[in-house]
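Spelled out from the first residue to the last, the chains are:
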Amino acid sequence: MKPLYEGVLIRPRKKETTTSGGIMLPEKSVKRPNIGIVVACGEGTSHNPMLVKPGDQVLCNRFAGAEITYKGEIHYIIMSNEIMAILDDVADLELDEFQ
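Residues numbered from 1 in each chain as written. Predicted model: local features only at pLDDT ≥ 70, side-chain atom pairs only at ≥ 80, totals over all residues. Heavy atoms only, no water.

**Quick word on the pattern of salt bridges**
The condition that has to hold: Each reported salt bridge corresponds to a side-chain nitrogen of Lys or Arg within 4 Å of a carboxyl oxygen of Asp or Glu. Accessible area is worked out with a 1.4 Å probe on protein chains only. A residue is then buried under 20% of its type maximum, exposed over 50%, and partly exposed in between.
Going through the model one piece at a time under the given rule, you end up with two salt bridges. Here K53 makes a salt bridge to D56, at a shortest N to O gap of 3.1 Å. By relative accessible area, which is 10% here, D56 ends up buried.

Take a look at the structure:
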């Protein structure tokens with residue numbers, strides 16, 4: 001699959017279902033991941049060149065794009081302008097993954 005223009009196909013990080021204290025959370029109480037790996041991307045446009053490439057770890061808007069099942073896994077197709085950052089090391093990032 002290859003998204004068109006400014007589209008980006010992202011495989012999200014697995015949802016964390018355990019808190020740092022070891023408490024197991026039900027699936028419905030866990031937020032949608034907003035960190036993922038770029039699987040494929042379009043070519044961009046003359047006004048908005050594509051800045052990400054397959055393999056990049058990215059931070060994106062939690063509610064961006066459309067959820068699809070691709071090769072048996074959940075993926076999201078988002079627009080490149082909904083990506084907030086390309087991440088070097090996810091371990092350095094602290095996000096509130098739980099509601």
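**Looking at the environment of I86**
Where we set the bar: A run of DSSP states H or I qualifies as a helix once it reaches four residues; a run of E qualifies as a strand once it reaches two. Both are numbered from the N-terminal end. Residues count as neighbours in contact if any of their non-hydrogen atoms are within 4.5 Å of one another.
Mapped onto the elements, I86 comes out in strand 6 (residues 83–87). Considering only alpha carbons, one finds I86 and V38, 48 residues apart in sequence, at a separation of 9.9 Å. With residues near it in sequence (within four places) discarded, I86 still touches L51, V52, D56, Q57 and V58.

**Considering the pairing of strand 1 (residues 7–12)**
We apply this condition: What makes two strands pair is DSSP finding at least two bridges between them.
For strand 1, the tally of buried residues reaches five of six residues, placing the bulk of the element in the interior. Pairing of strand 1 with strand 5 (residues 73–79), which is carried by four bridges, proceeds in the antiparallel orientation. Directly across from V8, in strand 5, lies its bridge partner I78. Pairing of strand 1 with strand 2 (residues 35–41) involves five bridges; the strand directions are antiparallel. What sits directly across from R11, in strand 2, is I37.

**Brief notes about the sheet that holds strand 3 (residues 57–60)**
Where we set the bar: To obtain an axis, a line is fitted to C-alpha atoms, over the contacting stretch when the element is a helix, and the angle between two such axes runs from 0 to 180 degrees between their N-to-C directions.
Across the sheet, which stays open at both edges, the six strands sit in the order 4-5-1-2-3-6 with antiparallel pairing between neighbours. Two strands close off the open sheet at either side, each with one partner strand: strand 4 (66–70) and strand 6. The average angle at which neighbouring strand axes cross in this sheet is 45 degrees, direction not considered.

**Observations concerning unusual backbone geometry**
At Y5, a residue that is not glycine, the phi angle is positive and equals roughly 50 degrees. For Y5, the position within the fold is in the segment before strand 1. Residue classification places Y5 among the exposed positions, given a relative accessible area of 58%. Phi is positive for K71, which is not a glycine, with a value near 55 degrees. Structurally, K71 can be placed in the loop between strand 4 and strand 5.

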